[in-house]
Amino acid sequence: MTTAHPASLPARLGGLDLANRFAVAPMSRVSAAPDGTPTAEMADYYAAYAEGGFGLVITEGAYTDTVHSQGYLNQPGIASDAHAAAWRDIAGRVHAAGSPIVLQLMHAGALSQGNRYRDDTAGPSAVPPVGEKMPEYGGHGPWPTPRAMTQDDIDVAVRGFADAAVRARDAGMDGVEIHGANGYLLDQFLTTYTNTRDDSYGGPVANRVRLMAEVVGAIRAEVGPDFCVGVRLSQTKVNDFVYRWPGGAYDARVIFTALAEAGATYLHIASEGRDWIETARLDDGTTITGLARLTTGLPVIANGGMHQPQLAAQVLRDGHADLVSVARGALANPDLPRRVADDLPLEAFDHMMLQPMATLANAGLWRRARAGVTV
Ligand SMILES: Cc1cc2nc3c(=O)[nH]c(=O)nc-3n(C[C@H](O)[C@H](O)[C@H](O)COP(=O)(O)O)c2cc1C
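This one's a predicted model, so the numbers in the text were calculated from it and none came from an experiment. Positions within a chain are numbered from 1, following the residues in the order the chain's sequence is written. Restriction of local features to residues with pLDDT of at least 70 applies here, the model being predicted, together with a cutoff of 80 or more for giving and counting side-chain atom pairs; totals for whole chains, interfaces and linings are based on all residues. The basis for every side-chain value is the complete set of heavy atoms in the structure, and neither hydrogens nor water enter the calculation.

1. Brief notes about the side chain of Lys237
Formally: Think of it this way: any DSSP run of H or I at least four residues long counts as a helix, any run of E at least two long counts as a strand, and we number them from the N terminus. Burial classes: relative accessible area under 20% of the type maximum marks a residue as buried, over 50% as exposed, and values in between as partly exposed (1.4 Å probe, protein chains only). We call two residues in contact when some of their heavy atoms are within 4.5 Å.
Along the polypeptide, Lys237 turns up in strand 9 (residues 228-237). You can call Lys237 buried: its relative accessible area is 3%. Ignoring anything within four residues of it in the chain, the contact list for Lys237 reads Asn182, Gly183, Asp187, Thr191, Tyr193, Tyr243 and Glu272.

2. A short note on the environment of Pro128
Within the secondary structure, Pro128 is located in the loop between strand 6 (122-123) and strand 7 (147-148). Given a relative accessible area of 49%, Pro128 falls into the partly exposed group. The spatial distance from the C-alpha of Pro128 to the C-alpha of Leu323 is 36 Å, given a sequence separation of 195 residues. Ignoring any residue separated from it by four or fewer positions in sequence, one finds Pro128 in contact with Thr145 and Pro146.

3. Some points on the UniProt feature "domain: NADH:flavin oxidoreductase/NADH oxidase N-terminal" (unreviewed entry) in the chain
Inclusion rule: UniProt positions are given in the numbering used here, feature names are shortened, and annotations may be inferred rather than shown by experiment.
Under the feature "domain: NADH:flavin oxidoreductase/NADH oxidase N-terminal" (unreviewed entry), the UniProt entry names residues 10-346. For residues 10-346, the helix share is 36%, the strand share is 17%, and the end-to-end C-alpha distance is 22 Å.

4. Quick look at helix 6 (residues 210-223)
The condition that has to hold: For a helix, the expected span equals 1.5 Å multiplied by the number of residues minus one.
Compared with an ideal rise of 1.5 Å per residue, which puts 14 residues at 20 Å, helix 6 spans 20 Å between its outermost C-alpha atoms and is within 8% of the ideal. When helix 6 is considered as a whole, its buried residues turn out to be Leu211, Met212, Ala213, Val215, Val216, Ala218, Ile219, Arg220 and Val223. Contacts made by the buried residues of helix 6 are with strand 5 (101-106), helix 3 (151-170), strand 8 (175-182), helix 4 (185-190), strand 9 and helix 7 (248-262). Residue Gly224 follows helix 6 closely and has a positive phi angle near 85 degrees.

Here's what the structure looks like:
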């Protein structure tokens, strides 16, 4: 008799019962209608992961307000009742296939490369972002320098997150995940070189994490104690794969504690552009995910190369995390949990799936070409 893969075992996430420990990681697919309304094509896409056996589906980042939050053209929103109604259909499809679904809430801040509501960008400080806009999400050329957010701007952003979470809950979502990772607004506040403020949101790490904690608290106050409110964090960013929290394990403890005290249900540590092991090791010999568990006692999701069954098994068995999330490996294998449980081989991820843009339509064309179907 073979032993079950540890990710194939059931788990709990806050009040949610999960059939296994594989989550689909959030992936922006820039495939919503121009006004941000999710489409029937997106419902098929998300249902396929539930049908493939994922214990949890986390959606792509949805923008939270009709001001500065939108990051890309054709990004879905959760900023209006029309957006929410379409997400309700998606939640229904995913539930019908047997998985819970959590909606990621995203404010792009300075890393906005397409916003139908505003021509300018806003961030913690008027610092030009490093790197260039991302073609796979429809951008090109340098990022503009953002306007430094006033206290009023900050209040609007926090309210946007809280209202969006209520819309998500009322649309049948099982939870929300606050996007505090990968260089977007909340991570811009956390990051020393994008946050040069001299008010209570700038300076020491306890100040730089303040906005993220305020967002958790504002959502928690609206949705009550039982709704699932996760937070996604990362050291790396879509436009910077080398940044690490300058205070290492000290910073990590301050950040994790602030978010737990504000009412987070789980912490999800992303590994943008790198495998888990490359971003997880901290200066004190711990791993970032293991330390998050130890510091807070909350469930923790590890990410970065977790489609590799041996790596996922090691991370779970050695207590570095409670769940693993899979992005590119899930694109290549929407039925990855089934394959791992049955010890079947996995398809390799081919980056051409996301070219020239990361849309669902382009992935469909890629699949047809691979299958030898001529259009
Ligand atoms: C096409 C694509 C879109 C992504 N969009 C998001 C997103 O909307 N929100 C987010 O937190 N991370 C996003 N990511 C990052 C992934 O969730 C994940 O952290 C990264 O790909 C590493 O995991 P992997 O090794 O399993 O691919 C995206 C990744 C890809 C490939």
